[in-house]
Amino acid sequence: MRYSTRENVHVDRIASAWLIKRFVDRDAVFEFTSDGSQVSGTIPFDMPGADLGHHGTRCTFETIIEKYGLREQGLAELAAIIHGADILPDIDTTLESIGIDLAFRAIRLANASDQEAFQFGFRFMDGLLLAVQARGLR
Amino acid sequence: MANEWALLVYKLPSLPSRLRLSVWRRLQALGCIYLQDGVCVLPRRDDLFENLQYVAVQISEGGGVFHLLTSKGSAEESEKLIERFRILADERLRTALTRLRELELKLSDIGQISDFERAEDELKKERVAFLKARRLNYFGSDLEVEVEAALDRVRSELDRLARGAK
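These lines cover the structure that appears in this document, whether it is placed above or below. Residue numbers run consecutively from 1 along every chain, following the written order of its sequence. Here chains are named by letter from A upward and ligands by number from 1 upward, in the order in which they appear as written. Local features in this predicted model are restricted to residues whose pLDDT is 70 or higher, and side-chain atom pairs enter the listing and the counts only when it is 80 or higher, whereas totals over whole chains, interfaces and linings include all residues.

## Observations regarding the sheet that holds strand β2 (residues 29–33) of chain A
Residues and elements named next belong to chain A.
- A pair of strands is treated as paired once DSSP finds two or more bridges between them. Comment: elements are numbered from the N terminus, with helices defined as DSSP H or I runs of at least four residues and strands as E runs of at least two. Sheet architecture is open: three strands sit in the order β2-β1-β3, paired in parallel fashion. Two strands lie at the open edges of the sheet, namely β2 and β3 (43–44), each paired on one side alone.
- Pairing of strand β1 (residues 2–6) with β2, which is carried by five bridges, proceeds in the parallel orientation. Across the sheet, S4 pairs through a bridge with E31, a residue of β2.

Here it is as C-alpha coordinates:
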(Lines give C-alpha, C1' and ligand atoms only; values in the text may rest on other atoms or scores of the structure.)
Protein backbone atom coordinates (compact mmCIF):
# COMPACT_ATOMS: atom_id res chain seq x y z
CA MET A 1 0.00 0.00 0.00
CA ARG A 2 0.94 3.64 -0.39
CA TYR A 3 0.97 5.83 2.70
CA SER A 4 1.24 9.61 2.93
CA THR A 5 2.21 12.07 5.60
CA ARG A 6 3.27 15.67 6.02
CA GLU A 7 6.71 16.61 4.77
CA ASN A 8 9.52 17.90 7.00
CA VAL A 9 9.30 14.77 9.12
CA HIS A 10 10.09 14.48 12.81
CA VAL A 11 10.00 11.78 15.45
CA ASP A 12 6.37 10.57 15.30
CA ARG A 13 6.22 10.40 11.49
CA ILE A 14 9.56 8.58 11.17
CA ALA A 15 8.82 6.18 14.03
CA SER A 16 5.27 5.52 12.78
CA ALA A 17 6.43 4.85 9.22
CA TRP A 18 9.02 2.44 10.60
CA LEU A 19 6.31 0.72 12.64
CA ILE A 20 4.12 0.33 9.54
CA LYS A 21 6.99 -0.98 7.41
CA ARG A 22 8.31 -3.43 10.00
CA PHE A 23 5.13 -4.74 11.59
CA VAL A 24 2.09 -3.87 9.47
CA ASP A 25 2.94 -3.73 5.77
CA ARG A 26 6.36 -4.80 4.48
CA ASP A 27 5.55 -3.37 1.04
CA ALA A 28 4.62 0.06 2.35
CA VAL A 29 5.69 2.99 0.16
CA PHE A 30 5.73 6.48 1.61
CA GLU A 31 4.86 9.81 0.03
CA PHE A 32 4.91 13.32 1.41
CA THR A 33 2.51 16.21 1.16
CA SER A 34 3.50 19.82 1.67
CA ASP A 35 0.14 21.24 2.70
CA GLY A 36 -1.28 18.38 4.75
CA SER A 37 -3.89 17.59 2.09
CA GLN A 38 -4.98 14.04 1.23
CA VAL A 39 -3.05 12.24 -1.52
CA SER A 40 -5.52 10.08 -3.41
CA GLY A 41 -4.95 6.34 -3.22
CA THR A 42 -2.84 6.58 -0.07
CA ILE A 43 -3.45 5.89 3.60
CA PRO A 44 -2.67 9.10 5.48
CA PHE A 45 -0.85 8.95 8.81
CA ASP A 46 0.13 11.54 11.38
CA MET A 47 -2.03 14.09 9.59
CA PRO A 48 -4.96 16.05 11.01
CA GLY A 49 -8.10 13.96 10.79
CA ALA A 50 -6.28 10.74 9.85
CA ASP A 51 -7.40 7.46 11.37
CA LEU A 52 -3.69 6.72 11.92
CA GLY A 53 -3.06 9.94 13.79
CA HIS A 54 -3.22 11.56 17.19
CA HIS A 55 -6.29 10.57 19.15
CA GLY A 56 -7.06 11.73 22.67
CA THR A 57 -3.68 11.97 24.34
CA ARG A 58 -2.11 9.28 22.13
CA CYS A 59 0.47 10.03 19.48
CA THR A 60 0.33 8.35 16.07
CA PHE A 61 2.89 5.70 17.03
CA GLU A 62 0.66 4.63 19.93
CA THR A 63 -2.46 4.70 17.75
CA ILE A 64 -0.85 2.29 15.26
CA ILE A 65 0.23 -0.08 18.01
CA GLU A 66 -3.30 -0.05 19.39
CA LYS A 67 -5.07 -0.35 16.05
CA TYR A 68 -3.01 -3.32 14.82
CA GLY A 69 -2.64 -4.95 18.23
CA LEU A 70 1.17 -4.99 17.99
CA ARG A 71 2.71 -6.88 20.89
CA GLU A 72 6.39 -7.22 19.90
CA GLN A 73 8.65 -7.14 22.95
CA GLY A 74 9.98 -3.65 23.58
CA LEU A 75 7.34 -1.80 21.54
CA ALA A 76 5.41 -0.62 24.60
CA GLU A 77 8.55 0.89 26.10
CA LEU A 78 9.48 2.41 22.76
CA ALA A 79 5.98 3.88 22.54
CA ALA A 80 6.45 5.67 25.87
CA ILE A 81 9.77 7.12 24.68
CA ILE A 82 8.36 8.26 21.32
CA HIS A 83 5.26 9.71 23.02
CA GLY A 84 7.44 11.86 25.28
CA ALA A 85 9.67 12.95 22.40
CA ASP A 86 6.68 13.96 20.27
CA ILE A 87 4.40 15.57 22.82
CA LEU A 88 6.15 18.47 24.52
CA PRO A 89 4.15 18.51 27.77
CA ASP A 90 5.08 14.86 28.30
CA ILE A 91 8.74 15.13 27.35
CA ASP A 92 9.93 14.23 30.83
CA THR A 93 7.80 11.10 31.19
CA THR A 94 10.77 8.93 30.23
CA LEU A 95 14.44 9.65 30.77
CA GLU A 96 15.16 9.03 27.10
CA SER A 97 12.56 11.26 25.44
CA ILE A 98 14.52 14.53 25.56
CA GLY A 99 17.51 12.90 23.89
CA ILE A 100 15.38 11.07 21.34
CA ASP A 101 13.65 14.32 20.38
CA LEU A 102 17.07 15.85 19.69
CA ALA A 103 18.28 12.73 17.86
CA PHE A 104 15.34 12.86 15.44
CA ARG A 105 15.86 16.58 14.85
CA ALA A 106 19.46 15.68 13.98
CA ILE A 107 18.26 12.93 11.60
CA ARG A 108 16.06 15.39 9.77
CA LEU A 109 18.78 18.04 9.53
CA ALA A 110 21.48 15.57 8.45
CA ASN A 111 19.42 14.23 5.55
CA ALA A 112 18.65 16.10 2.36
CA SER A 113 15.10 14.81 1.91
CA ASP A 114 12.26 13.31 3.91
CA GLN A 115 12.73 10.03 2.04
CA GLU A 116 16.37 9.88 3.12
CA ALA A 117 15.42 10.85 6.69
CA PHE A 118 13.03 7.88 6.66
CA GLN A 119 15.74 5.47 5.49
CA PHE A 120 18.18 6.74 8.11
CA GLY A 121 15.48 6.89 10.77
CA PHE A 122 14.36 3.32 10.06
CA ARG A 123 17.85 1.98 10.78
CA PHE A 124 17.96 4.08 13.94
CA MET A 125 14.58 2.69 15.04
CA ASP A 126 15.77 -0.88 14.35
CA GLY A 127 18.68 -0.23 16.69
CA LEU A 128 16.52 1.51 19.26
CA LEU A 129 14.16 -1.46 19.46
CA LEU A 130 17.11 -3.84 19.86
CA ALA A 131 18.56 -1.63 22.60
CA VAL A 132 15.27 -1.52 24.48
CA GLN A 133 14.79 -5.28 24.07
CA ALA A 134 18.33 -5.95 25.31
CA ARG A 135 17.70 -3.76 28.34
CA GLY A 136 14.60 -5.78 29.14
CA LEU A 137 16.62 -8.99 29.06
CA ARG A 138 19.16 -7.86 31.58
CA MET B 1 8.97 34.82 15.20
CA ALA B 2 8.69 37.55 17.81
CA ASN B 3 5.62 39.15 16.24
CA GLU B 4 3.87 35.95 15.25
CA TRP B 5 1.55 34.09 17.57
CA ALA B 6 -0.47 30.91 17.63
CA LEU B 7 -3.94 31.40 19.08
CA LEU B 8 -6.09 28.53 20.25
CA VAL B 9 -9.70 29.47 20.83
CA TYR B 10 -11.76 26.62 22.20
CA LYS B 11 -14.91 25.62 23.98
CA LEU B 12 -15.40 22.32 25.77
CA PRO B 13 -18.55 20.69 27.06
CA SER B 14 -18.85 21.26 30.81
CA LEU B 15 -18.62 17.51 31.42
CA PRO B 16 -16.58 15.41 31.76
CA SER B 17 -14.44 17.63 33.95
CA ARG B 18 -11.45 15.33 33.48
CA LEU B 19 -11.31 16.37 29.81
CA ARG B 20 -11.32 20.07 30.76
CA LEU B 21 -8.57 19.37 33.28
CA SER B 22 -6.52 17.30 30.84
CA VAL B 23 -6.70 20.01 28.14
CA TRP B 24 -5.88 22.75 30.64
CA ARG B 25 -2.91 20.75 31.98
CA ARG B 26 -1.51 20.14 28.50
CA LEU B 27 -1.83 23.81 27.59
CA GLN B 28 -0.19 24.82 30.88
CA ALA B 29 2.64 22.38 30.23
CA LEU B 30 3.19 24.01 26.85
CA GLY B 31 3.51 27.34 28.65
CA CYS B 32 0.36 28.88 27.13
CA ILE B 33 -0.89 32.22 28.37
CA TYR B 34 -4.65 32.54 28.67
CA LEU B 35 -5.89 35.84 27.25
CA GLN B 36 -9.34 34.96 28.56
CA ASP B 37 -11.31 31.82 29.29
CA GLY B 38 -10.86 29.43 26.34
CA VAL B 39 -8.40 31.67 24.49
CA CYS B 40 -4.72 30.98 24.82
CA VAL B 41 -1.59 32.02 23.03
CA LEU B 42 1.90 30.76 22.33
CA PRO B 43 4.75 32.07 20.20
CA ARG B 44 4.28 30.82 16.60
CA ARG B 45 6.88 28.08 16.40
CA ASP B 46 6.46 24.92 14.34
CA ASP B 47 6.86 22.45 17.21
CA LEU B 48 4.56 24.45 19.48
CA PHE B 49 1.95 24.84 16.74
CA GLU B 50 2.04 21.11 16.11
CA ASN B 51 1.50 20.45 19.81
CA LEU B 52 -1.45 22.85 19.82
CA GLN B 53 -2.86 20.80 16.94
CA TYR B 54 -2.58 17.69 19.12
CA VAL B 55 -4.54 19.40 21.89
CA ALA B 56 -7.06 20.59 19.31
CA VAL B 57 -7.63 16.95 18.28
CA GLN B 58 -8.34 16.09 21.91
CA ILE B 59 -10.78 19.02 22.17
CA SER B 60 -12.57 17.99 19.00
CA GLU B 61 -12.78 14.31 19.95
CA GLY B 62 -14.09 15.31 23.36
CA GLY B 63 -17.05 17.08 21.76
CA GLY B 64 -15.60 20.58 21.89
CA VAL B 65 -14.98 23.14 19.18
CA PHE B 66 -11.82 25.08 18.41
CA HIS B 67 -10.10 27.51 16.10
CA LEU B 68 -6.34 27.35 15.79
CA LEU B 69 -5.04 30.52 14.23
CA THR B 70 -1.80 32.22 13.42
CA SER B 71 -1.79 35.90 14.20
CA LYS B 72 0.66 38.68 13.50
CA GLY B 73 0.63 41.18 16.32
CA SER B 74 1.67 44.80 16.17
CA ALA B 75 5.04 45.54 17.74
CA GLU B 76 3.30 47.05 20.74
CA GLU B 77 0.91 44.13 21.30
CA SER B 78 3.68 41.61 20.78
CA GLU B 79 5.88 43.37 23.32
CA LYS B 80 3.05 43.12 25.87
CA LEU B 81 2.76 39.38 25.27
CA ILE B 82 6.52 38.86 25.33
CA GLU B 83 6.65 40.65 28.66
CA ARG B 84 3.97 38.32 30.08
CA PHE B 85 5.89 35.26 28.87
CA ARG B 86 9.08 36.67 30.40
CA ILE B 87 7.39 37.28 33.75
CA LEU B 88 6.10 33.71 33.83
CA ALA B 89 9.51 32.31 32.89
CA ASP B 90 11.13 34.43 35.60
CA GLU B 91 8.64 33.12 38.17
CA ARG B 92 9.36 29.50 37.29
CA LEU B 93 13.10 30.01 37.39
CA ARG B 94 12.97 32.07 40.60
CA THR B 95 11.03 29.27 42.29
CA ALA B 96 13.67 26.79 41.14
CA LEU B 97 16.41 29.08 42.42
CA THR B 98 14.74 29.38 45.83
CA ARG B 99 14.48 25.61 46.16
CA LEU B 100 18.10 25.17 45.15
CA ARG B 101 19.25 27.72 47.72
CA GLU B 102 17.32 25.82 50.39
CA LEU B 103 19.00 22.62 49.23
CA GLU B 104 22.41 24.31 49.38
CA LEU B 105 21.76 25.30 52.99
CA LYS B 106 20.77 21.73 53.89
CA LEU B 107 24.06 20.35 52.57
CA SER B 108 25.97 21.63 55.59
CA ASP B 109 23.83 19.40 57.83
CA ILE B 110 24.49 16.19 55.97
CA GLY B 111 25.68 13.55 58.40
CA GLN B 112 24.22 10.23 57.34
CA ILE B 113 24.39 8.37 54.05
CA SER B 114 20.58 8.62 53.90
CA ASP B 115 20.85 12.46 54.05
CA PHE B 116 23.33 12.33 51.21
CA GLU B 117 21.07 10.10 49.11
CA ARG B 118 18.12 12.36 49.78
CA ALA B 119 20.10 15.38 48.65
CA GLU B 120 21.15 13.53 45.47
CA ASP B 121 17.49 12.75 44.74
CA GLU B 122 16.49 16.35 45.33
CA LEU B 123 19.21 17.56 42.98
CA LYS B 124 17.97 15.19 40.27
CA LYS B 125 14.43 16.53 40.70
CA GLU B 126 15.70 20.10 40.54
CA ARG B 127 17.60 19.38 37.33
CA VAL B 128 14.43 17.99 35.72
CA ALA B 129 12.44 20.99 36.99
CA PHE B 130 15.08 23.28 35.50
CA LEU B 131 14.93 21.55 32.13
CA LYS B 132 11.16 22.07 32.13
CA ALA B 133 11.46 25.72 33.11
CA ARG B 134 14.16 26.27 30.48
CA ARG B 135 11.97 24.72 27.78
CA LEU B 136 9.27 27.29 28.57
CA ASN B 137 11.70 30.20 28.65
CA TYR B 138 10.61 31.32 25.17
CA PHE B 139 11.99 34.84 25.25
CA GLY B 140 15.05 34.51 27.41
CA SER B 141 15.35 35.11 31.12
CA ASP B 142 18.67 35.99 32.74
CA LEU B 143 17.75 33.78 35.69
CA GLU B 144 18.50 30.68 33.61
CA VAL B 145 22.23 31.26 34.10
CA GLU B 146 21.77 31.70 37.85
CA VAL B 147 19.83 28.44 38.19
CA GLU B 148 22.46 26.56 36.20
CA ALA B 149 25.17 27.99 38.44
CA ALA B 150 23.24 26.93 41.57
CA LEU B 151 22.81 23.41 40.15
CA ASP B 152 26.56 23.25 39.51
CA ARG B 153 27.34 24.46 43.03
CA VAL B 154 25.15 21.79 44.63
CA ARG B 155 26.66 19.14 42.34
CA SER B 156 30.20 20.21 43.29
CA GLU B 157 29.40 20.24 46.99
CA LEU B 158 27.84 16.78 46.86
CA ASP B 159 30.90 15.49 44.98
CA ARG B 160 33.15 17.05 47.62
CA LEU B 161 31.14 15.44 50.42
CA ALA B 162 31.26 12.08 48.65
CA ARG B 163 35.06 12.29 48.34
CA GLY B 164 35.35 13.19 52.01
CA ALA B 165 33.23 10.20 53.02
CA LYS B 166 35.53 7.68 51.34
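From this point, the narrative continues.
## A few points about the interface of chain B and chain A
- Of the residues lining the interface, 14 residues belong to chain B; the matching set on chain A comes to ten residues.
- For the side of chain B that touches chain A, the secondary-structure elements that each account for two or more residues are α1 (17–29), α2 (46–61) and α4 (113–135) of chain B.
- For the side of chain B that touches chain A, the leading source of residues is α2(B), giving seven residues.
- Charged residues are taken to be Asp, Glu, Lys and Arg, nonpolar residues to be Ala, Val, Leu, Ile, Met, Phe, Trp, Tyr, Cys and Pro, and polar residues to be all remaining types, Gly included. Residues that form the side of chain B that touches chain A fall into these classes: six nonpolar, four polar and four charged. Think of it this way: build a C-beta for each residue from its backbone, and any pair within 7 Å is a contact.

## Focus on the nonpolar core
- What makes a nonpolar core is a set of buried Ala, Val, Leu, Ile, Met, Phe, Trp, Tyr and Cys residues, with links drawn between C-beta atoms within 7 Å. Each residue is classed by its C-beta neighbour count within 10 Å, where at least 20 other C-beta atoms makes it buried, 12 or fewer makes it exposed, and intermediate counts make it partly exposed; the C-beta atoms are placed from backbone geometry. Formed by 49 residues in total, the largest nonpolar core has its most connected members in I14(A), A15(A), F61(A), I82(A), L8(B) and V55(B).
- It is helix α1 (residues 11–24) of chain A that contributes the most residues to this core, seven residues altogether.
- Those residues in contact with A15(A) that sit more than four places away from it in its chain are F61(A), I82(A) and M125(A).

## Regarding α1(A)
Residue and element names in this part refer to chain A.
- Counted at 1.5 Å a residue, the expected span for α1 with its 14 residues is 20 Å, and the 19 Å between its end C-alpha atoms agrees.
- Burial analysis of α1 places ten of its 14 residues in the buried class, the great majority of the element.
- Of the positions making up α1, those classed as buried are V11, D12, R13, I14, A15, S16, A17, W18, L19 and I20. Between the first and last residue of a helix there are one fewer steps than residues, each counted as 1.5 Å, and that sum is the expected span.

## Here we look at the environment of S74(B)
All names here are of chain B.
- The residue S74 is located in the loop between β4 (65–72) and α3 (75–107) in this model.
- A residue is classified by how many C-beta atoms lie within 10 Å of it, and S74, with 9 of them, is exposed.
- Taking the C-alpha atoms as reference points, S74 and E120, separated by 46 residues in sequence, lie 47 Å from one another.

## Section: the pairing of β1(A)
Residue and element names in this part refer to chain A.
- With respect to burial, β1 is a largely interior element, four of its five residues being buried.
- Taken together, β1, α1 and β2 form a β-α-β motif whose crossover is right-handed.
- For β1 and β3, the ladder comprises two bridges, and the chain directions are parallel. For S4, the partnering residue across the bridge sits in β3 and is P44. When the strands point away from the viewer, a crossover counts as right-handed if the route from the first strand across the helix to the second turns clockwise.

## So, the environment of R71(A)
Residues and elements named next belong to chain A.
- Mapped onto the fold, R71 is located in the loop between α2 (60–68) and α3 (75–86).
- A tally of 9 C-beta atoms within 10 Å means that R71 is categorised as exposed.
- Separated by 45 residues in sequence, R71 and E116 place their C-alpha atoms 28 Å apart.

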